[in-house]
There are 2 protein chains.
Amino acid sequence: MIISESLVEKLLQKDKRSVARSISIIESENSDSSELLKVIYHKVGNAYRIGITGPPGAGKSTITNQLIKVFLNENKTVGVIAVDPTSPYTGGALLGDRVRMNEIGLNPGVFIRSMATRGSLGGLSKTANDAADIIDAAGYDYIIFETVGVGQSELDIAQAADSTIVVLVPESGDSVQAMKAGLMEIADFFVMNKSDRPGSEQAITSLKTILMMKNYEDKLWFPTIIKATAVDNKGVEDIANEIARHRKYLLDTGNFQKRRENHFHMRIKEIVEDRIKKILWSSEGQRKIHSSLDSLKISDISPYKIADEILDNFKKQL
Amino acid sequence: MIISESLVEKLLQKDKRSVARSISIIESENSDSSELLKVIYHKVGNAYRIGITGPPGAGKSTITNQLIKVFLNENKTVGVIAVDPTSPYTGGALLGDRVRMNEIGLNPGVFIRSMATRGSLGGLSKTANDAADIIDAAGYDYIIFETVGVGQSELDIAQAADSTIVVLVPESGDSVQAMKAGLMEIADFFVMNKSDRPGSEQAITSLKTILMMKNYEDKLWFPTIIKATAVDNKGVEDIANEIARHRKYLLDTGNFQKRRENHFHMRIKEIVEDRIKKILWSSEGQRKIHSSLDSLKISDISPYKIADEILDNFKKQL
């Protein structure tokens, strides 16, 4: 057991190094990992979680960066989890952007963690939420998930926030693509970034049309569209205000609790599936597959038949 | 049982309507679905599978479209599975593009199926591979998976091909982003599309540098970079030739069989996990979560503790 009391103690005092080490422990996915998460759980739940997603190149990181500044000015602390391969935090950007983004991470009120979309031992969404719990327990006021809006697990992460923001740019067909990618369903509100570009008004009109065609069950909240040019710091205050307005709406209507309960269910699902995968594909599970194949040519047998066998075997193993 | 003998018979005769209906059956994920896949399995394995992936806007669909024409000229038949939300096939494109793409689908030698990245009952990768088996059994010569190169399941699909092509464009930082997104690892070769744009040579040089830094285990195949401007049909023959060269390399070295075996293992894994999820989250599994929560406030209990309970219950259920 490498989780010392002093690590937990320092973590709960918002010690950045301990936050970082704790996240490394949960990323390593050993037995300490779920132990640590159980120990700190009573401290989790106070941070407000914001998901920022959208197509690559929409300016999600710039908005994140500017929002951090707004929150810092209000004397709030911010944790960022970036799971966007095109984010400057994770390296996919011009050097200048990256330097600017990393600088803000040096601020004592800011903790930034980037996560690879590949190669994590557990599921991406599970790991990102575990990391958020760590940052939450440490006492940060806001947690921002920055994820690219393509791919199911990336959307799942953005969606597991209290407020989910979808960032679009006025390129032709952008909103249609967003619709296809499932972004329309998860947006609490939209940001039309780079709105100084030609075609911006037209893009907003077409987005509005699409939104009006949808049937939103909740009559008290209708997704708005905030115009911004984040690179010039225009509209960022409006985004922060809209987050606050959405937060107030959630609390006033009791939807805050409902939403957190839904996310809690999703969370449990992820954890259970992750554990079962581990039991299933232990070295024994893998051996079973290999031995099934040794004597066979692929074309001889349907993978569905082998799957039947593995499941039978799994039942005996439990 | 809605799988009639005549459906299977017509499917094996490459009847497009029966191919489409069979894929709808496997998408519906009922008991007929695995039955159908078992029945046709002895006919699967003859199609050559090509994965085309890369960032949104790189021109993957245009390349797919042009490659289809090359194959048709060689009197070959082609099936396409598009799981790219930004693809013209799935609707995320200008109307003109979409019309052009849909036109080629009317050719008797071409079958095109688009899949939503969201809302499929089974896993995306499992469903795409099931659909490929249907098209394969129907006797199509080539199967092209077009997927956007962001998101784990999309990459999994592209990677489950015999030849995987990563399409990039000469935008700054594109190859760095591709590296971060895990595209470098899966590429058998690259296409630098829109190579008439400024910065193209520089992008190729930087891609070469990244490739040289990697340690490729296989000394007989090193990923090449093909220059193309697919929209003007430039370089498409080169892409087709490189696919043929890679195919020959796989067959000559015995790597073809090895690769298919690896994919076969992946496939079995996906099927098993999918089935377990179904058992786990049957209405009973869901009820268990709800009843656990009814008497509790979220903050009282760690999701990890509830996961423990659900797993215990699952063991009894099996």
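Calculation rules
Residues numbered from 1 in each chain as written. Chains lettered and ligands numbered in written order. Predicted model: local features only at pLDDT ≥ 70, side-chain atom pairs only at ≥ 80, totals over all residues. Heavy atoms only, no water. pLDDT = per-residue confidence, 0-100. Helix = DSSP H or I, 4+ residues; strand = E, 2+ residues; numbered from the N terminus. Pairing = 2+ DSSP bridges. Axes fitted to C-alpha atoms, helices over the stretch in contact; angles between N-to-C directions. Core = buried A, V, L, I, M, F, W, Y, C linked by side-chain atoms within 4.5 Å. Buried < 20%, exposed > 50% of the residue type's maximum accessible area, 1.4 Å probe, protein only. Parallel < 35°, antiparallel > 145°, perpendicular 65-115°, else oblique. Left-handed = near helix turned anticlockwise from the far one by under 90°. Contact = heavy atoms within 4.5 Å. Nonpolar A, V, L, I, M, F, W, Y, C, P; charged D, E, K, R; others polar. Phe/Tyr/Trp six-rings, centres within 6.5 Å; stacked < 30°, edge-to-face > 60°. Lys NZ or Arg CZ within 6 Å of the ring centre and 35° of its normal.

## Some words on the confidence of the model for chain A
Residues and elements named next belong to chain A. Per-residue pLDDT for chain A has a mean of 84; in total, 83% of the residues score no lower than 70. Element-level pLDDT for chain A is lowest in helix 8 (residues 174-180), with a mean of 63, against a maximum mean of 97 in helix 11 (residues 236-253). Across the interface, the model reports ipTM at 0.72; the global pTM reads 0.78.

## Some points on the sheet that holds strand 1 (residues 48-53) of chain B
Residue and element names in this part refer to chain B. Taken in spatial order, the seven strands make up an open sheet running 3-2-4-1-5-6-7, and their pairing is parallel. A strand with exactly one partner marks an edge of an open sheet, and here the two such strands are strand 3 (110-114) and strand 7 (224-227). The average angle at which neighbouring strand axes cross in this sheet is 20°, direction not considered. Examined bridge by bridge, strand 1 and strand 5 (residues 163-168) share four bridges and lie parallel to one another. Note that in strand 5 the partner of Gly 51 across the bridge is Thr 164.

## With respect to the nonpolar core
Grouped together as the largest cluster of nonpolar side chains are 90 residues, with contacts concentrated most on Ile81(A) and Ile81(B). In terms of nonpolar packing, the next biggest core, distinct from the first, is built from 32 residues, Ala58(B), Ala228(B), Ala230(B) and Phe256(B) among them.

## Quick notes on the packing of helix 12 (residues 255-280) of chain A against helix 12 (residues 255-280) of chain B
Two elements in contact, helix 12 of chain A and helix 12 of chain B, have axes separated by 11 Å at closest approach and are oriented at 135°. In terms of orientation, helix 12 of chain A lies oblique with respect to helix 12 of chain B. When the axes of helix 12 of chain A and helix 12 of chain B are compared, the crossing they make is right-handed. Contact residues: Val272(A), Glu273(A), Ile276(A), Lys277(A) and Leu280(A) in helix 12 of chain A; Val272(B), Glu273(B), Ile276(B), Lys277(B) and Leu280(B) in helix 12 of chain B. Classifying every residue of the contact of helix 12 of chain A with helix 12 of chain B gives six nonpolar, no polar and four charged.

## A few points about the packing of aromatic side chains
Inspection of the entire model under this criterion finds eight aromatic pairs over all chains. The lysine or arginine in question, Lys14(A), covers the ring of Tyr140(A), its NZ or CZ lying 5.3 Å from the ring centre.

## With respect to the pairing of strand 2 (residues 78-82) of chain A
All names here are of chain A. Here strand 2 lies mainly inside the structure; five of its five residues are buried. Burial along strand 2 is two-sided: the face carrying Val 78, Val 80 and Ala 82 and the face carrying Gly 79 and Ile 81 are both buried. Bridge count between strand 2 and strand 3 (residues 110-114): five bridges; the pairing is parallel. Within strand 3, the position partnered with Ile 81 by the bridge is Arg 113.

## Section: the sheet that holds strand 3 of chain A
Residue and element names in this part refer to chain A. Strand order in the open sheet formed by seven strands is 3-2-4-1-5-6-7, with parallel pairing between adjacent strands. Among the strands making up the open sheet, the edge pair consists of strand 3 and strand 7 (224-227). Strand-to-strand twist across the sheet, computed as the mean angle between neighbouring axes with direction ignored, equals 20°. In this sheet, strand 4 (residues 142-146) lies alongside strand 1 (residues 48-53) in parallel orientation, the contact comprising five bridges.

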